[in-house]
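Chain and residue survey
The chain contents come next:
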Amino acid sequence: MKKLLTYFTAFTVSLIINAQDQQNLSVVYGSVFKNDKREIPVDIVGKDDNGYYLLYSEGRFGQGDDMYLRKFNLDLTPSGQEINLKSETYDGKFNSLGLAKIKEDIVHLFYVLNSEGKTYYHQTVSLNDFTLGKKTKITTISNDTKKAINSVSRFIISEDDELITMFYTIPNKGKEHTKFRIQTFDSNFNEQSNRFYEFPFDNNVLSIRNVFTNDDNELFIICKKYDSKKILYEDDNFGYEYLIYKVKLDGLEKLAMVRPNEVHMRGLTPTLVNENELLLTGLFSKVDKYSMTGIYATKIDLQSGHTIYSKYNKFSAEFFSQLFKPGKKKDKAIVKYNQGKREDPNYVLKKAIPLENDELLVLAEQMRTYSYNYVTTYYHDNIAAIKLDNTGNVVWTNKIGKRQEKVNVPIYNSFYPTMRGDKLFLLYNCNINNLNHKNGKLSKPFNTSEYAFIATVLDDDGNYNRQIISTKEALKGVTIRPLLYNWEDENTLLMFGQDIDNLKNQRFIKVRFN
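1. Points about a negative patch on the surface
- Taken together, the side chains of E159, D160, D215, D216 and E275 define an acidic patch exposed on the protein surface.
- Along the chain, D160 falls in the loop between β13 (153-157) and β14 (164-169).
- Using a relative accessible area of 49% as the deciding quantity, one classes D160 as partly exposed.

Right, dumping it as structure tokens:
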């Protein structure tokens, strides 16, 4: 979770109270400002006693080449100060990896790709005087038996900002073993260690899916290993397994293996619990690999590699058909589901939230895209919530009807989840006609006077209700972007929005959980 330093200033405040759920939310509105350029923010980087810092990128969708770190005053109005992060001319293709607030500064990580390889750099922005320092080389990935553009990399910053870990694969041929290097640095990018590793499998049968660290900064890797180099065939015919490795000083230790039991399982989501235990969850299906008929859960001891439990939970027909309008269509769908001829399409596991007593709350979203005549429409629809107990069994399931579709850009779609005590808040854009929806058709949220930014609140038993956070009128035509956020303190969520029809009109809001 991203965190910001605490600061509060007086703006216009609107209090929303839902009597049924007794949940109090207050909204603090920053003033609407007009951006001079056709640019949008792509990240809320951080905050200090001098202001807020946002990364802006040019273009209607933030797809342009120019990038600016922009400073906002503490009252969330533009300060007029910005830093061009691409002020230099580079011998090669420039690619930004993003910005991070490390201690009292902001660090920009990027690489330049040219004919010799891929060179990584860091550049520090001093927040004391808001100036950009010189770029400093981190490392170079040279072309090997394949070009460096094929290398996969990731930076991981520890919670205390004291350790920066860089993971990157060595670009080599498909018939060669997968190789990678791990370099660690202190907060000033002074190198602490540099080690080389090799998997016992060729590139053409191994796919690295996740790299993460635990509280002790130990590194773990989740791989998908196929039975042969015909990966499309193997993917369609359950010919693969997931391998979990621990990276040690003297090599790789295989901790566990998960081979799907004649079901499609597109991925496994890691969740760390109890310091040294790992929960892995994944949606599975029998017929269509892009569908959902159940959830898999396993718990692994990260020290011994012992599998504590491994469970497959098939969803009921009631859960499958929950959002269908009652009638013959629903009845036929249930029959086909029970016969194994129909599944829940296009669900993607989005987040797994650890709860008390080693329980887990898993959230999935129905997502798809459709392209026609050079136009792509992004669909982010219904949300599935699944609670698992501490042995991996399903406690309850529920679905929340949601409809979001936007042409060419997905930044207004999806949802942001946050736990408040024993309740889950899902924040997203909605149509006010959908507030009481339980099944059947939903209204579109965008480009309508009935737009609202809402919270759907789930209690510990899976029951939910929707409540309005703000309306189109209160937002003065601005639409909130649910995935552009940062926490100002433990109770205040900073969010951002812009006018869909005139992107230069922008504003902040703060959602305060009382």
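2. Topic: the sheet that holds strand β22 (residues 277-284)
- Spatially, 4 strands are ordered β21-β22-β24-β25 in an open sheet, and the strand pairing comes out antiparallel. Looking at the sheet topology across the chains shown, the edges are occupied by β21 (269-273) and β25 (307-314). Taken over all neighbouring pairs, the strand axes of this sheet differ in orientation by 15° on average, direction set aside.
- Here 7 bridges tie strand β24 (residues 294-301) to β25, and the two strands are oriented antiparallel to one another. In the strand pairing of β25, G294 is matched with K314.

3. Brief notes about unusual backbone geometry
- The phi angle at D161 is positive, at roughly 65°, despite the residue not being glycine.
- In this structure, D161 sits in the loop between β13 and β14.
- Within the chain, E262 stands out as a residue other than glycine whose phi angle is a positive 55°.
- Relative to the elements of secondary structure, E262 occurs in the loop between β20 (251-258) and β21.

4. As for empty space enclosed by the protein
- Within this structure, the stated rule accounts for 2 cavities of 30 Å³ or more.
- Taken as a whole, the second largest cavity encloses approximately 30 Å³ of empty space.
- Broken down by class, the residue content of the lining of the second largest cavity amounts to 3 nonpolar, 4 polar and 2 charged.

5. Looking at the pairing of strand β18 (residues 219-226)
- Here β18 lies mainly inside the structure; 8 of its 8 residues are buried.
- A two-sided burial pattern is seen for β18, the buried positions comprising L219, I221, C223 and K225 on one face and F220, I222, K224 and Y226 on the other.
- Relative to β18, strand β17 (residues 206-213) runs antiparallel, the two being bridged by 7 bridges. Within β18, the residue paired with F212 across the bridge is F220.
- In this structure, β18 lies alongside strand β19 (residues 240-248), joined through 8 bridges in antiparallel fashion. Across the sheet, residue I221 finds its bridge partner in β19, namely Y245.

6. A few points about the packing of aromatic side chains
- Counting across every chain of the model gives 31 aromatic pairs.
- Ring centres 5.3 Å apart and planes at 85° place the aromatic pair F425 and F513 in the edge-to-face group. Of this pair, F425 sits in strand β33 (residues 423-431) while F513 sits in strand β38 (residues 505-513), placing them 88 residues apart in sequence.
- In this structure F425 comes out as buried when scored by relative accessible area, which is 1%.
- What links up through ring pairs into an aromatic cluster is the set F33, Y52, Y56, F72, F496 and F508.
- Residue placement shows K37 over the ring face of Y68; its charged tip is 4.3 Å from the ring centre.
- In this structure, K402 is placed above the aromatic ring of Y428, and the distance from its NZ or CZ to the ring centre is 6.0 Å.

7. Observations concerning the pattern of salt bridges
- On inspection of all chains with the given rule, the structure shows 23 salt bridges.
- Ionic pairing is found between K289 and D236, a salt bridge with its closest N-O pair at 3.0 Å. Placement of K289 in the loop between β22 and β23 (291-292) and of D236 in helix α1 (residues 231-236) is noted, with a sequence separation of 53 residues between them.
- Its relative accessible area of 15% is what places K289 among the buried residues.

8. Overview of the sheet that holds strand β6 (residues 67-72)
- Spatially, β4-β5-β6-β7 is the arrangement adopted by the 4 strands of the open sheet, whose pairing is antiparallel. The sheet is open, and its two borders are formed by β4 (39-48) and β7 (78-84), each paired with just one other strand. Pairs of neighbouring strands in the sheet enclose a mean axial angle of 25°, with direction left out of account.
- Pairing analysis gives 8 bridges linking β4 to strand β5 (residues 51-58), with the strands arranged antiparallel. Of the residues in β5, the one forming a bridge with K47 is Y52.

9. Let's talk about the environment of V263
- Mapped onto the fold, V263 is located in the loop between β20 and β21.
- According to the relative accessible area criterion, V263 is buried, its value standing at 8%.
- V263 sits 26 residues away from N237 along the chain, and the two C-alpha atoms are 8.7 Å apart.
- With residues up to four places along the chain from it excluded, the contact list for V263 reads F238, Y240, F284, S285, K286 and Y312.

About the cut-offs
Residues numbered from 1 in each chain as written. Predicted model: local features only at pLDDT ≥ 70, side-chain atom pairs only at ≥ 80, totals over all residues. Heavy atoms only, no water. Patch = residues over 30% accessible without salt bridge, like charges linked within 9 Å, V, L, I, M, F, W, Y side chains within 5 Å. Areas by Shrake-Rupley, 256 points an atom, 1.4 Å probe, with all protein chains shown as cover. Salt bridge = Lys/Arg side-chain N within 4 Å of Asp/Glu carboxyl O. Lys, Arg positive; Asp, Glu negative; His and termini not counted. Charge placed at Lys NZ, Arg CZ, Asp CG, Glu CD. Helix = DSSP H or I, 4+ residues; strand = E, 2+ residues; numbered from the N terminus. Buried < 20%, exposed > 50% of the residue type's maximum accessible area, 1.4 Å probe, protein only. Pairing = 2+ DSSP bridges. Axes fitted to C-alpha atoms, helices over the stretch in contact; angles between N-to-C directions. 1 Å grid on protein atoms, 1.4 Å probe; cavity = no way out; pocket = protein on both sides within 12 Å on 5 of 7 lines; lining within 4 Å. Points joined across faces, edges and corners; volume = space filled by probe spheres on them. Nonpolar A, V, L, I, M, F, W, Y, C, P; charged D, E, K, R; others polar. Phe/Tyr/Trp six-rings, centres within 6.5 Å; stacked < 30°, edge-to-face > 60°. Lys NZ or Arg CZ within 6 Å of the ring centre and 35° of its normal. Contact = heavy atoms within 4.5 Å.

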